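# Secondary and tertiary structure notes
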Amino acid sequence: MKKLSIILSSFCFIAISCNNSSGSDNKTTGQTETALTNPTTNYGTITCNMDGTPKTFHVSQSFFEISLDVYRTDVKDGIEVLNGDTKHEGFQFEIKKSGTTKIKDNATGDMNCIVNYYNPRGVTYTGEDVTFTVTTYDQQHLTGTFSGKLVNVYYDEGTNGAKNYPQYIQITDGKFDVHH
């Protein structure tokens, strides 16, 4: 049994030595992971007041055209901006690429349009009554404004500690300026 332990220890030492001498660099891996989680590319900004507190988000992904009609994917009548998720504070929205988009929590808003905000703890807020207005759009640049009320998606369930955060967030003076 003692010989088996010595052989296994020797094998592990050799394997670790080979891995360190084969050109693998843990610093590079760490930098790559950091670059993925904190990208240095800046595609613009999203600014707003949340319950009166100014917030600025530096957009890390460009926008792209989408179809808002689930039956006609060949018609690109919408824009999607993805700047947040449950692991990164920010916004995700899908809006019409021109004019005004009304997002409501009932059937009176524009169909297939959404807005989500992810707070620093990953709690998701979605549009209860939000208005977006596209000011300028071409395939290289998108600007506009937004305001309205967002609701904490899991507030009633308490999922992921959502009950510890406000049930609603009021957005005022929202502006987006995103480019390719």
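Everything in this summary refers to the structure shown in the same document.

### Focus: the packing of aromatic side chains
- Throughout the structure, instances matching the rule amount to 12 aromatic pairs.
- The interplanar angle of 65° and the centroid separation of 6.1 Å between the aromatic rings of F57 and Y117 together place this pair among those described as edge-to-face. Taken together, the residues span a long stretch of sequence, with F57 in strand 2 (residues 53-58) and Y117 in strand 7 (residues 114-118) at a distance of 60 residues.
- Assessed through its relative accessible area of 3%, Y117 is described here as buried.

### Focus: the pattern of salt bridges
- Scanning the model with the defined rule gives seven salt bridges in all.
- Residue K55 pairs with E89 through a salt bridge whose shortest N-O separation is 2.9 Å. Of the two residues, K55 sits in strand 2 while E89 sits in the loop between strand 4 (78-82) and strand 5 (90-96), which places them 34 residues apart along the sequence.
- Residues joined by salt bridges that share partners form a network here, namely K102, K104 and D129.

### Regarding the environment of C48
- Inspection of the secondary structure assignment puts C48 in strand 1 (residues 44-50).
- Judged by relative accessible area, which is 4%, C48 ranks as buried.
- Here the alpha-carbon distance between C48 and I171, two residues 123 residues apart in the chain, equals 6.5 Å.
- Ignoring any residue separated from it by four or fewer positions in sequence, one finds C48 in contact with T53, P54, K55, F91, F146, I171, T172, D173 and G174.

### With respect to the pairing of strand 8 (residues 124-138)
- Across six bridges, the pairing between strand 6 (residues 99-104) and strand 8 is antiparallel. For T100, the partnering residue across the bridge sits in strand 8 and is T133.
- Sheet topology places strand 7 next to strand 8; three bridges connect them, and they run antiparallel. Across the sheet, N116 pairs through a bridge with T126, a residue of strand 8.
- Hairpin remark: strand 7 followed by strand 8, antiparallel, with five residues in the connecting loop; positive phi at G122, about 85°.
- Here 12 bridges tie strand 8 to strand 9 (residues 141-152), and the two strands are oriented antiparallel to one another.

### Details of the side chain of N49
- Among the secondary structure elements, N49 is positioned in strand 1.
- When near neighbours in sequence (up to four residues on either side) are disregarded, N49 contacts P54, Q170, I171, T172 and D173.

### Some points on the pairing of strand 5
- The buried fraction of strand 5 amounts to six of the seven residues, a majority that puts the element mostly inside the structure.
- Where strand 4 lies against strand 5, five bridges are found, and the strand directions are antiparallel. Bridge assignment links I79 to a residue of strand 5, and that residue is I95.
- Pairing analysis gives five bridges linking strand 5 to strand 7, with the strands arranged antiparallel. Paired with F93 across the bridge in strand 7 is V115.

Parameters at a glance
Residues numbered from 1 in each chain as written. Predicted model: local features only at pLDDT ≥ 70, side-chain atom pairs only at ≥ 80, totals over all residues. Heavy atoms only, no water. Phe/Tyr/Trp six-rings, centres within 6.5 Å; stacked < 30°, edge-to-face > 60°. Helix = DSSP H or I, 4+ residues; strand = E, 2+ residues; numbered from the N terminus. Buried < 20%, exposed > 50% of the residue type's maximum accessible area, 1.4 Å probe, protein only. Salt bridge = Lys/Arg side-chain N within 4 Å of Asp/Glu carboxyl O. Contact = heavy atoms within 4.5 Å. Pairing = 2+ DSSP bridges.

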